[in-house]
Amino acid sequence: SGASEIDATGMFVTPGIIDAHSHMSITGGGNESSESVTPEVRIADVVNHQDPTIFRALAGGVTTINVLHGSANVIGGQNAVLKLRWGKPAADLFVEGAPLGVKFALGENPKRSNRAPTPGADRRYPGTRMGVEYLLRKSFTDAREYQKLWKEYEASQARGENPPPLRRDLRMEALVDILDGRIKVHAHCYRSDEILMLLRVAEDFGFRIASLQHVLEGYKVADEIAAHGAGASTFADNWAYKMEAFDAIPYNMAIMAGRGVTVSVNSDSGERVRRLYVEGAKAIKYGGVSEEAALQMITLNPARHLGIADRVGSLEVGKDADLAIFKHHPFSGQARVEYTLVDGQVYFDRSKVEITDSVLMAAAAEIARNDNDGEQEEDPASASSEERDSRFVEWTPPATEPESAPGYGDLSAPSLGSGRLAITGATIHTMAGPPIENGTILIEDGKIRAVGRNVRVPGGTRRIQARGMVVTPGLINTGTSLGLSEIGSVAATQDVREIEDVNSTAKAAVAIHPHSEMLPITRANGVTTAVAEPVGGLIGGQSALIDLSGWTGPEVVARSPLAMQISFPEMGGGRRRFNQAGGGGADPREQVNRQRETLRQWMRRARAYAGGLSAGTLEPDQRTLELEALVPVVWGQLPVIVSAGSEEGIKAALAFLDEFQLKGILASTRDVWKVVDEIVESGVPVLLGPIESSPARLDPYDAIFVTARLLHERRVPFAFRTGGASNARNLPYHAALATAFGLPREAAWHALTLGAAEILGIADLYGSVEPGKIANLVVADGDLLDVPTEVKHVIIRGHEVDLDNRHSRLYRKFQGRPKP
């Protein structure tokens, strides 16, 4: 009687989620990088209780985090284990009695941090993995000597002697506490060789590693990790962002867990922490761990790593009442946290916090009040009406179109294979009508010949029996660097950014690497088609539409150019802010204005050039490839994909498209929710994403997640994009986050398929299961928006493609490793 009550009928309750690797709430940076060994410094001294990421983590069901020192040091500083008691002072966030811990780091991070602390000084040791191992052994050898000195000193005092006092060394004291097990070790590591090295060093000095952090090649030495007794806290599927992460596989969790390692999934991110339940679900998809085991990877297992499993991590009588309450199953695509409780207190209640809808309603009411008062506030970012009129010049293209200029390329259909294939017995989501139960798709010579319930399959046709499965069009990722990027930090594998401000002649199609490891990994999760976009400078170049299968670059490329890519200059919020080169301390706003004027000048020159081409008045020495590549842009033949992220930048980009009457497409994420009205008025479609992004610091926590729904309600055409290459396969989960925050699932599927094709101008060939369309199809055992769903077959241009890839090969190899 009298208890507070939450009606969770139909909802799902889990233990509060625990993140074993975080860097949130740190004031003034998390690396004491002046030296390589600094275990005396403490994160506990710099906790910022007002970091909004704490609240956003609560909104994702997270209740406890392990805040770690950075990874610039071989032996870094001491961690802080925090409860997310949002609104409390910093002193009230610490988990009482949590064991102390310290951060180690191996591999690239301490190696590349060996710059000189001051100009002219010696570089910081070490610079190799050999040096890392030596420094560990030297540090603990010195600590043993320090420990011995103090034991002798204390023994002398016990004998009644009066030895000279010893000088305390806080660094050595921390190392001694590690040797004695009073401080746990959480070690940043990647490669299997360095993992084994660290385990040997620890065993030689008589201590144990509590958790291996990241441990992306842990699957290669899982038996040794289990024998040592270390836990493993890893990413679900983050990989290839640097060289030592290139052998990371999403099956890492399953292999290690199957070999007896206690595995957790962490965020290491102020954004990923908001959706750790999505990351946990990937353990089911990749390797088939049980639902309970996957849930433990984000609750009980990280509690074990941190030595606090007696208090948190499971729902048991006597434990802290840390809970997350989900509207749908936490591993479904529609999962959304409704409540988060810490110590039995509600710290997040979605019905009582600021959400995007409430902010928009308040803004609309304010606008209405201003209108009623007869006063209109002028947008300070917009130009005056006189300035605007002077810029917007009516332009009528010449009557005669110029011939296709060099760089405009071939807009014909992609090359198709031959042969016949039938998919039978499936539920077919055509995207052009209602689902077809127990349907058949007949494919001939790369295209769909027929689809329906009573399709006759000619004799001798190869069949895929798909009874109980779901067939959809292949997913279209409208913004990636697939084919142009392999390993994030390795410049030799990057062909994404040219170095000039204007790179209109740069053609993605000529640099597509058809045997990139990214292509088969991405298509194995149902993405069959993507936009490969160059993004360097103001005008990045000509993007290409690619299908993710082919022996050569020309076979992979389906359409080139697809669009001209422009990174619109803005003060902040997008992929490009303003060009610092040559700034010399100049005012950022002046730089932005100057770069915008540069864009305008190129558009004006391209118009004049197009007129000269049409009239035949250009002399041979007046022809320039940069302007010829822009001719189809100013003619409105070639779309322009304009990237901008901030509210001011988006508005200015829309005005730019209108000013030059360009066939524009907006690529954006962060502030789209603030300018939906302006987008509606412009008629410009939107390539939205990545959805797995953080909102601006003071924006509602759901601002990114809810944007797709806002566009859908206003009937703005939109599609999804992930950016990058290594995680392009996660496209369906970007859409799933949008459905969790109100986007109808049918609308999400439309945006992933036919809607994307319509925006890109390829709907005559792509995006739906209809006769005459290119046969890019996916056969799965469920809805791809739900993470555990597995793709069973992928057809690209009428051919079933091999789902085997680098990750599945490494999985089979090390799953079958004999016990040592």
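Bear in mind the structure is a predicted one, so any value in this text is a computation, not a measurement.

Reading the values: the criteria
- Residues numbered from 1 in each chain as written.
- Predicted model: local features only at pLDDT ≥ 70, side-chain atom pairs only at ≥ 80, totals over all residues.
- Heavy atoms only, no water.
- Helix = DSSP H or I, 4+ residues; strand = E, 2+ residues; numbered from the N terminus.
- Rg over C-alpha atoms; globule rule 2.2 N^0.38 Å.
- Buried < 20%, exposed > 50% of the residue type's maximum accessible area, 1.4 Å probe, protein only.
- Contact = heavy atoms within 4.5 Å.
- Areas by Shrake-Rupley, 256 points an atom, 1.4 Å probe, with all protein chains shown as cover.
- Core = buried A, V, L, I, M, F, W, Y, C linked by side-chain atoms within 4.5 Å.
- Salt bridge = Lys/Arg side-chain N within 4 Å of Asp/Glu carboxyl O.
- Phe/Tyr/Trp six-rings, centres within 6.5 Å; stacked < 30°, edge-to-face > 60°.
- Axes fitted to C-alpha atoms, helices over the stretch in contact; angles between N-to-C directions.
- Parallel < 35°, antiparallel > 145°, perpendicular 65-115°, else oblique.
- Left-handed = near helix turned anticlockwise from the far one by under 90°.
- Nonpolar A, V, L, I, M, F, W, Y, C, P; charged D, E, K, R; others polar.
- Pairing = 2+ DSSP bridges.
- Right-handed = clockwise from strand over helix to strand, strands pointing away.
- Polar contact = N/O pair within 3.5 Å; in protein donor to acceptor, adjacent residues only side chain to side chain.

**Q** It is not clear to me how the overall build of the protein should be interpreted in this structure. Could you clarify?
**A** If you tally the helices and strands in the protein, you get 23 helices and 29 strands. Relative to its length of 820 residues, the protein is compact, with a C-alpha radius of gyration of 29 Å against a globular reference of 28 Å. The dimensions of the protein, computed from C-alpha atoms along their principal axes, are 105 × 70 × 65 Å. Relative to its 820 residues, the protein shows a buried fraction of 59%. Counting contacts in the protein only where the partners sit at least 6 residues apart, residues at least 24 apart contribute 71% of the total. A total accessible area of about 33,000 Å² is found for the protein, and carbon and sulfur atoms account for 49% of it.

**Q** Explanation requested: the nonpolar core in the structure shown.
**A** Nonpolar side chains in soluble globular proteins tend to end up buried together. Residues L136 and F720 are the most contacted members of the largest nonpolar core, which totals 191 residues. If you tally residues by element for this core, the top one is helix α3 (residues 129-158), at eight residues. Leaving out residues up to four positions away in the same chain, L136 has contacts with V74, I75, F104, L106, M197, L198 and V201. A667, A719, A757 and I762 belong to the second-largest nonpolar core, a separate cluster that totals 19 residues.

**Q** How do you make sense of the pattern of salt bridges when you look at a structure like this?
**A** Side chains that differ in charge, positive against negative, can pair when their charged atoms come close. Tallying each qualifying case throughout the model produces 62 salt bridges. A salt bridge links R275 to E279, with the shortest nitrogen-to-oxygen separation between them at 3.0 Å. Residue class for R275 comes out buried when judged on its relative accessible area of 4%. Since its relative accessible area comes to 3%, E279 is described here as buried. Counted as one network, the salt bridges with shared partners bring together K83, R85, E96, R311, D320, D322 and D343.

**Q** I'm lost on the packing of aromatic side chains in this one. Help?
**A** In this description, an aromatic ring pair is defined by two values, namely the gap between the centres and the angle between the planes. Scanning all chains against the criterion turns up 22 aromatic pairs. Here F55 and W86 contribute two aromatic rings whose centre-to-centre distance is 6.1 Å and whose plane-to-plane angle is 45°, an arrangement assigned as tilted. Placement of F55 in helix α1 (residues 52-58) and of W86 in the loop between β5 (80-83) and β6 (100-105) is noted, with a sequence separation of 31 residues between them. The partly exposed category is assigned to W86, whose relative accessible area is 32%. Taken together, F55, W86, F348, Y701, F705 and F741 form an aromatic cluster joined through their ring pairs.

**Q** Just checking my understanding: could you explain the packing of helix α20 (residues 731-740) against helix α21 (residues 745-752) for this structure?
**A** For any two helices packed against each other, one specifies the inter-axial angle together with the distance between the axes. In the contact formed by α20 and α21, the axes pass within 9 Å of each other and the chain directions differ by 150°. For the element pair α20 / α21, the angle class is roughly antiparallel. Considering only the axes of α20 and α21, their crossing is right-handed. Counting all contacts with α20, which are made through L731, A735 and T739, the residues of α21 involved are R745, A748 and L752. Grouping the constituent residues of the contact of α20 with α21 by class yields four nonpolar, one polar and one charged.

**Q** Please explain the pairing of strand β8 (residues 211-214) as it appears in this structure.
**A** Along any regular strand, the residues point their side chains to alternate faces of the sheet. Sheet topology places strand β7 (residues 183-189) next to β8; four bridges connect them, and they run parallel. When the bridges of β8 are listed, A187 appears paired with L212. Crossover handedness for the path β8 to helix α6 (residues 222-228) to strand β9 (residues 231-234): right-handed.

**Q** Quick question: what am I supposed to make of the side chain of R275 here?
**A** Of note, R275 is situated in the loop between β10 (263-265) and α8 (276-285). A distance of 2.7 Å separates a polar atom in the side chain of R275 from a polar atom in the side chain of E271. When sequence neighbours within four positions are dropped, the list of residues in contact with R275 reads E692 and L737.

**Q** Is there a simple way to think about the sheet that holds strand β26 (residues 718-720) in this case?
**A** Picture the strands of a sheet paired through backbone hydrogen bonds; they go either parallel or antiparallel. With mixed pairing, the eight strands of this open sheet are ordered in space as β19-β20-β21-β22-β23-β24-β25-β26. Edge positions in the sheet fall to β19 (475-480) and β26, since each of these pairs with one other strand and no more. The sheet shows a mean angle of 25° between the axes of neighbouring strands, direction not considered. In the sheet, strand β23 (residues 640-643) pairs with strand β24 (residues 664-668) via four bridges, with the strands oriented parallel. Considered in β24, the bridge of I641 is made with I665.

**Q** Mind showing me how you'd approach the sheet that holds β10 here?
**A** With mixed pairing, six strands are arranged side by side in an open sheet as β4-β6-β7-β8-β9-β10. The two strands at the open ends of the sheet, each matched to only one other strand, are β4 (75-78) and β10. Adjacent strand axes in the sheet meet at a mean angle of 25°, parallel and antiparallel pairs treated alike.

**Q** Just to check I follow, could you spell out the packing of α3 against helix α4 (residues 170-179) for this structure?
**A** In the contact formed by α3 and α4, the axes pass within 9 Å of each other and the chain directions differ by 95°. As the angle between them shows, α3 and α4 are arranged roughly perpendicular. Counting all contacts with α3, which are made through S139, F140, D142, A143, R144, Y146 and Q147, the residues of α4 involved are M172, E173, L175, V176, I178 and L179. Considering only residue class, the contact of α3 with α4 consists of eight nonpolar, two polar and three charged.

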